[in-house]
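Chains, contacts and geometry: an overview
One letter stands for each residue in the lines below.
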Amino acid sequence: MKNKFLTLLTLLALPVLTFAEDKLDSGDTAWMMVSTAFVLLMTPAGLALFYSGMTRSKNALNTFSMVMGAFVLAFVVWIVVGYSLAFGTSGTASIQNFIGGFGNIMLNDIKWDALSGTYPTYVFIAFQGTFAAITVAIASGSVIGRMKFSTWMIVVALWGILVYAPITHMVWGGDGALLFDAGALDFAGGTVVHMNGGLAGLVLAILVGKRIGVNTTAMKPFSILLTAVGAALLWFGWYGFNAGSAFGANAVAGLALLTTTIATAAAGLTWMLIEWLVYKKPTLLGVASGIVAGLVAITPAAGFVGVSGAFVIGIVGSVIGFFGVVKLKAIFKYDDSLDAFGIHFLAGLWGALATPFFALQNTDTLWDGPLKESITNGQAPDVMGQFMVQLESVLIVGAWTLVGTVIVYFIASALTGGGRVDTESEEIGLDESIHGERGINL
Amino acid sequence: MKNKFLTLLTLLALPVLTFAEDKLDSGDTAWMMVSTAFVLLMTPAGLALFYSGMTRSKNALNTFSMVMGAFVLAFVVWIVVGYSLAFGTSGTASIQNFIGGFGNIMLNDIKWDALSGTYPTYVFIAFQGTFAAITVAIASGSVIGRMKFSTWMIVVALWGILVYAPITHMVWGGDGALLFDAGALDFAGGTVVHMNGGLAGLVLAILVGKRIGVNTTAMKPFSILLTAVGAALLWFGWYGFNAGSAFGANAVAGLALLTTTIATAAAGLTWMLIEWLVYKKPTLLGVASGIVAGLVAITPAAGFVGVSGAFVIGIVGSVIGFFGVVKLKAIFKYDDSLDAFGIHFLAGLWGALATPFFALQNTDTLWDGPLKESITNGQAPDVMGQFMVQLESVLIVGAWTLVGTVIVYFIASALTGGGRVDTESEEIGLDESIHGERGINL
Amino acid sequence: MKNKFLTLLTLLALPVLTFAEDKLDSGDTAWMMVSTAFVLLMTPAGLALFYSGMTRSKNALNTFSMVMGAFVLAFVVWIVVGYSLAFGTSGTASIQNFIGGFGNIMLNDIKWDALSGTYPTYVFIAFQGTFAAITVAIASGSVIGRMKFSTWMIVVALWGILVYAPITHMVWGGDGALLFDAGALDFAGGTVVHMNGGLAGLVLAILVGKRIGVNTTAMKPFSILLTAVGAALLWFGWYGFNAGSAFGANAVAGLALLTTTIATAAAGLTWMLIEWLVYKKPTLLGVASGIVAGLVAITPAAGFVGVSGAFVIGIVGSVIGFFGVVKLKAIFKYDDSLDAFGIHFLAGLWGALATPFFALQNTDTLWDGPLKESITNGQAPDVMGQFMVQLESVLIVGAWTLVGTVIVYFIASALTGGGRVDTESEEIGLDESIHGERGINL
Amino acid sequence: MRKIEAVIKPFKLEEVKEALVEAGIEGMTISEVKGYGRQQGHTELYRGAEYVVEFIPKVKIEIVVSSEEFATTAINIIKETAHTGKIGDGKIFVSEISNVVRIRTGEEDTEAL
Amino acid sequence: MRKIEAVIKPFKLEEVKEALVEAGIEGMTISEVKGYGRQQGHTELYRGAEYVVEFIPKVKIEIVVSSEEFATTAINIIKETAHTGKIGDGKIFVSEISNVVRIRTGEEDTEAL
Amino acid sequence: MRKIEAVIKPFKLEEVKEALVEAGIEGMTISEVKGYGRQQGHTELYRGAEYVVEFIPKVKIEIVVSSEEFATTAINIIKETAHTGKIGDGKIFVSEISNVVRIRTGEEDTEAL
Ligand SMILES: Nc1ncnc2c1ncn2[C@@H]1O[C@H](COP(=O)(O)OP(=O)(O)O)[C@@H](O)[C@H]1O
Ligand SMILES: Nc1ncnc2c1ncn2[C@@H]1O[C@H](COP(=O)(O)OP(=O)(O)O)[C@@H](O)[C@H]1O
Ligand SMILES: Nc1ncnc2c1ncn2[C@@H]1O[C@H](COP(=O)(O)OP(=O)(O)O)[C@@H](O)[C@H]1O
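Let us look at the structure shown here. (Residues numbered from 1 in each chain as written. Chains lettered and ligands numbered in written order. Predicted model: local features only at pLDDT ≥ 70, side-chain atom pairs only at ≥ 80, totals over all residues. Heavy atoms only, no water.)

**Brief notes about the relation of the copies chain B and chain A**
Put simply, the rule reads: For the least-squares superposition of copies, only C-alpha atoms count, and only for residues with pLDDT at least 70 in both. The contact criterion used throughout is that any non-hydrogen atoms of two residues lie within 4.5 Å.
Note on the copies: chain B fits chain A at an RMSD of 0.0 Å, the axial shift is 0.0 Å, and the rotation between them is 120°. The superposition of one copy onto the other is thereby described by a three-fold rotation axis. Identified as the residue of chain B closest to the rotation axis by C-alpha distance is G27 of chain B, at 2.2 Å. An overlap of only 14% is found between the interface residues of chain B and their copies at the interface of chain A, pointing to separate contact surfaces.

The following block contains the structure:
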């Protein structure tokens, strides 16, 4: 992503301030620092509220802790080893296909004033670390209310190493990385973050089993108001996520900012209207869910597509998310408790596959790949070729996540004597049984 | 606003990086993207919390939904047609007076890498879209607890087209636009946003009628803590609103940032002191209300006035807001439920009229108009002339809002079989009757 | 700090855009405006939630009001006189040692387009004002639940003048200022803000006395979920605090951004693990507390230390905070209710003293002082010399805070007929007795 | 002495209380309860799942009175003021109380009321 | 008429209610209470201070029935469905009610149930 | 068997509970209620509108005991420990209970206590 974007920048005739490489630009630096802070906010505030508001009151703090705990641990793991695996460079080509090696463990060899293009590498590292942390935090939504906190923390640590880092490397790791070389388009993490986190959630949910009483008793959400605030904070932070993935304060960032807003607004509206039609009641949870589905769907496409593409991706993303949450879950009867899979995986998948069809056909915004190549060569735009690359990327990421998450869970579960709390703890609620705390004391 | 500012930029000897027009500046772009995200946050998080905290618990989610729903719908309307009406250019002069025409429907004709001065036009569009959305969302505060959600959503859509877009065009639409040509000073939306939204609220409140039991029963706020958090988020986002309206990271933005903070802090303090004097009890709601009143009052003046002007505008704005909320409402007995009129209209009006009296008298910060002209020509500053223009602008905006909102309401009400929920739904609470949800489940 | 940083900038061969002094850089300006907004958010949203969530429900709004009220008043005081005392320049050397004089009262003599290096002075003033406001707000955490609101407000006003402004001047006030001349390293306010605010809290807590029933009855927190959200917002805002203290979007800011994230994540994790070991229950409050302890500890060191330094400072800061909160308080039996002293003072102290040991030994990041001097002169790095300066600075700040806070409290207490509410008000709860409000109405 | 327990609709509480006070009844204790009865509950939605909330919020008023007379007054007042005529208006239950103590003074029986 | 007050574990409420309704008991009033008894409370943590929360959340069901027979039915049903066999299952208290009024219609006594 | 219902000031709950437990009373059920009586309520403010909150938070303790003796003990303890001497200390109501069942074991009457 980084490297790709740099190539891009030098190639294109963007109306940006041109600069010699390796010169810090204060505007780009400002934007990337802001973006890092924005993405940080998404996890311990945005996602934590979004999720805790939806769980039963007896599990609200546990849900919050899973998200916040995931963030602090995953970020530490990222600095210690994840960054090196994901964005380091491995000498051996076969290894470089999958991971970046161990040369930058503990950020070894990276000076404080090193630059990534026009801004400090340290900012790039922190920015990417917030992505690593939110990805695993997303998965927690599928398993709240019954997983041991100790198991979860071990999952977080291992998953960051075995699943997140390699996938990130494959997609964004620069020359020699598997899907990067194949020319996959994933602007800000549709595959890397959302499919990945969402699928991991589903796998964990199946492995840890359903909550007691999941289809027979009413599991009332603690407070949808908190969920809605969480969605609003996610939306806000997502500007760092998507427009920050332009790696500078430039026209591509501006494009991503606009498409993100359009897709999200349209998706929020869509979910509301579907509910109105189907259930006669538009819920606040519905609007909030639509907003998140739209944000997810536009993520892989944000810097590639135009206005109408953003509308379509947002609207369809919302329809698909609704389908995932309401129908798919009912059909297959897994307990994807807060719908990490239903929303993040499905909408992320949709966005990834839809990108080639709506991408602006110009060489300024496109990354290397079949589509750009065909256009550069003056041929008919090779949309289907690009679609096949997207499909490949989706399948490889999906397979890796699936296998990796299973392995991670079994290790974590073995280390903690089973991944699930006992029945009594579950019935009392995890806030009390695990943390000895209560969500609210009136 | 945009155009005006560009003229300004080229004219003045600001200590900014000078640039040839139509060259992207990464610092300005970073700041405008940040500002867009900040203003976005104001609606589905800031205003939504500010309002929901003040409603009764049985209507808290409905209030939140009105704000969040308004945002997503109004933004979609903005992209589809609003932007074109507001900032497009109409060939016919008589039309250009009021609207910008239909040339940019669905952002037709605007390329992804087009620039507005030193930053992408797409960012300008998104930035302005967040203004359009918050304006109508403000109005919701007057009518919570009894309006049909369907009526409200139709109001939102129509109002964005018939009221918001034309008013924005008249004030900020560039050469040929009515009040722009007249030389009105409205830095960030005292007339366009706050008077407009606040008056629309009052009109709707009168048309839809009072809540049952409004002066006889205690209507306890759900949680003032949420309201205070909302006020804090509004304050934060308002830096994008006001300092972002300098359209770049420059000295005018810095001025607006400082005056905004001063006026707001002074206003928060003022409201607290008034309550202490009058009721012997300074409330948290009072501080929060003062903060919002101060933010509103300084909005039209932020980039024009100096330190002492900011103090006066904030303090008096708070006094006026207090008067509007506590006295005026009691006298005229309308049910402006959460005081959109009492705070936004009155404080916005005050700020708009006060601006000429406190404006820094230099040609660098002033926009074209009687005041600037007189100074440029070396005459005595024509403060009264400028005041008359402000008055004209206030009256025209007020009249347009009044008439437009009445029309919009009657259409919306007709389409939804009356704009008000039935008595039982109102008594049960709209969370349950409209959305089938509850604010909190302990 | 400002001045120091400018010297630094001109001296070093940073890969930043070099600029002639007194030329506005849009990227730096953007970053400093963002940082101001971020730090603002920390007080009326971040700290207010962090604190209110931890108090008993009957005092939640009072706690919020103390923080929000402190912000608005302290900021007004800052503009009126604080800034002048802290960052003005006094002609007399003996005075310049301690305060900056009265030349800039009400920002007198500072033009709207004046620059502080590469960005507007007005932005610098607002940025520093948010520091002044949060410092006194931190102290409120020690005295919630029993102090009169009137006493508190007077404390806020006087303290900003007698304690905060002089200390800030001594440390960051430029040539001639006591500790600045001595060469103290305090990147973003370990001494100025955290030790200062934390110690003031303890002093006030001792003077106002313990809450009734403090060690005999269970004082259940209103909602740890709110506290956790507050911690997340603090973390977010802290990027403005720490990376903003680089006074530009440059490599030092990038360094501060990364070290801040590392120390905080590591500290959050550490506290969680300690609790797990000691109590078998990792609490959400623990993670949140660790996060804040880490943020505090890294504050004085953020732009000086490297990756491993950040880890150590964060981890040890968390251990020390835990010790302060759980052990020290139990031993000395003061009622530092929300642990302003236990966390802010102790972790700030640790960070300040640890800085020389972990500082990157290069002249680009270091400020003038024994350490930099020794390196510049090619000698062995004078870590111990620097440590002695840090110690001196800690002692002087501590002594000034101690004496100043006692004086301030006695004046405030005398003016309000005693600083403590009566027993009945305390038992009913301050929300009701002081503000006539309730935290939540279901 | 008699204890009167009335389960009523929450929005009627204010009115009932005022009528009782006017009639000279000076003390009562209220609590929030949930009722199940003929009145239909409503449905709540959660991500497409509709669940019926059969328990409806009610308020319970408890009044202890010294005489049959007062009991009748109280019952009549509640019957009138809490009445809307729609299902779910609630019920009044009457039972015996054998002793009352006022904690502040130690007074007993009817003295304590 | 009899009043049956049962203090049970909250997660049993749904089951108990359904069994009662099935047996023809059409009305009840429930409230959230906290119980103290043999069942040990749990400890909560606050910054290292551990405090024991001895009061455990329970639900109280109040049912007024017209006859001894109905009372026995109700008691038996509650005894069975609320039973887990673990400490803290709760208790049932039975007392006399001398009169009942339905507010909506003014009906009295067993008519009102 | 006797039921003792005491309405007391919330901050006295802990003390009362401990005294009762010490005296051998092993079970009780408490609930949050609001009281109306001689004790004046307070006023709340909402944007300048002042409204009187006449209902004051209280805690209700319910204890069922097997004997007259125990009842007297309990009443005396509550009278003493809940006492502040200020208006609003609350009241104790005593009534008859005809049967008790322990759900866990099925034991009845005094056995069940
Ligand atoms: N047998 C009963 N025992 C206890 N409470 C009852 C009983 N029957 C009804 N109630 C209470 O009275 C309320 C109203 O009863 P319901 O049957 O809905 O309507 P109505 O009062 O019009 O007969 C219920 O919600 C419940 O709280
Ligand atoms: N004497 C009593 N008076 C009132 N309520 C009681 C009494 N004893 C027990 N309870 C209630 O019954 C509940 C269960 O009692 P407990 O002793 O914990 O277990 P068990 O029901 O198995 O005997 C308590 O939590 C309390 O609410
Ligand atoms: N007649 C009554 N019936 C039921 N509850 C009562 C009655 N009188 C008082 N109470 C309860 O007792 C509480 C205390 O009564 P109050 O008159 O305020 O003071 P005191 O206990 O000193 O007489 C009230 O808040 C109310 O909950």
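From this point, the narrative continues.
**Notes on the interface of chain E and chain D**
Here is the rule we go by: Once two parts are put together, the accessible area they lose, assessed with a 1.4 Å probe and summed over both, is termed the buried area. Here, a salt bridge means any side-chain nitrogen of Lys or Arg that lies within 4 Å of a carboxyl oxygen of Asp or Glu. The definition of a polar contact used here is a pair of N or O atoms within 3.5 Å, where within protein one atom must be able to donate a hydrogen and the other to accept one, and adjacent residues in sequence count solely through side-chain atom pairs. Runs of H or I in DSSP of at least four residues are treated as helices and runs of E of at least two as strands, each being numbered from the N terminus. Residue polarity follows a fixed list, in which Ala, Val, Leu, Ile, Met, Phe, Trp, Tyr, Cys and Pro are nonpolar, Asp, Glu, Lys and Arg are charged, and the others, Gly among them, are polar. What makes two strands pair is DSSP finding at least two bridges between them.
Counting residues at the interface gives 27 residues for chain E and 30 residues for chain D. Between chain E and chain D, the buried area comes to about 2300 Å², and carbon and sulfur atoms account for 55% of it. Seen at the junction of chain E and chain D, the total is four salt bridges. Here E54 of chain D makes a salt bridge to K17 of chain E, at a shortest N to O gap of 2.1 Å. In this structure, the connection of chain E to chain D is made through ten residue pairs in polar contact (both at pLDDT 80 or more). Looking at the side of chain E that touches chain D, the element that brings in the most residues is strand β2 (residues 28-36) of chain E, giving five residues. Here the side of chain E that touches chain D is composed, by residue class, of eleven nonpolar, six polar and ten charged. By the bridge criterion, three bridges tie strand β2 (residues 28-36) of chain D to β2 of chain E in an arrangement that is antiparallel.

**Remarks on the site of ligand 1**
Quick note on the threshold: Here, proximity means that at least one heavy atom of the residue falls within 4 Å of the molecule or strand. Residue burial considers only the protein chains on display, and all accessible areas are found by Shrake-Rupley using a 1.4 Å probe.
Around ligand 1 lies a shell of 22 residues, among which R38 and G88 of chain D together with T29, R102 and R104 of chain E are the nearest. More than a single chain frames ligand 1: its nearby residues are located in chains D and E. Within the backbone of V64 of chain E, one N or O atom sits 2.9 Å away from a nitrogen atom of ligand 1. R104 of chain E is positioned such that a nitrogen or oxygen atom in its side chain is 2.6 Å from an oxygen atom of ligand 1. Here ligand 1 has 550 Å² of accessible area as a free molecule, and 97% of this is covered by the chains. Counting only elements with at least two residues in the shell around ligand 1, the list comes to β2 and β6 (90-96) of chain D together with β2 and β5 (56-65) of chain E. Among the residues forming the shell around ligand 1, the class breakdown is eight nonpolar, seven polar and seven charged.

**Re the site of ligand 3**
Every one of the 22 residues lining ligand 3 counts as a neighbour, but T29, R102 and R104 of chain D together with R38 and G88 of chain F are closest to it. More than one chain approaches ligand 3, the contributing ones being chains D and F. T29 of chain D has a polar side-chain atom sitting 2.7 Å from an oxygen atom of ligand 3. One nitrogen or oxygen atom from the side chain of R104 of chain D is found 2.6 Å from an oxygen atom belonging to ligand 3. Elements with a contribution of two residues or more to the shell around ligand 3: β2 and β5 (56-65) of chain D together with β2 (28-36) and β6 (90-96) of chain F. Of the residues belonging to the shell around ligand 3, the class tally is eight nonpolar, seven polar and seven charged.

**Things to note about the interface of chain B and chain A**
The interface is formed by 57 residues belonging to chain B together with 60 residues belonging to chain A. Buried surface at the junction of chain B and chain A, both sides included, amounts to about 4600 Å², of which 81% is carbon and sulfur. Interface area lost by chain B to chain A is led by M33, W112 and N441 of chain B, which between them contribute 16%. Across the chain B-chain A interface, the total number found is zero salt bridges. The tally of links from chain B across to chain A stands at nine residue pairs in polar contact (both at pLDDT 80 or more). Where the side of chain B that touches chain A is concerned, the elements lending two or more residues are α2 (26-54), α3 (60-87), α5 (121-140), α6 (149-172), α9 (224-242) and α17 (430-435) of chain B. Counting residues per element, the side of chain B that touches chain A draws most heavily on α2 of chain B, at 15 residues. Classifying every residue of the side of chain B that touches chain A by side-chain character gives 39 nonpolar, 13 polar and five charged.

**A closer look at the arrangement of the chains**
As for chain E relative to chain B, no contact occurs, and the smallest C-alpha gap between them is 11 Å. Contact between chain A and chain F is absent, and the minimum C-alpha spacing across the pair is 11 Å.

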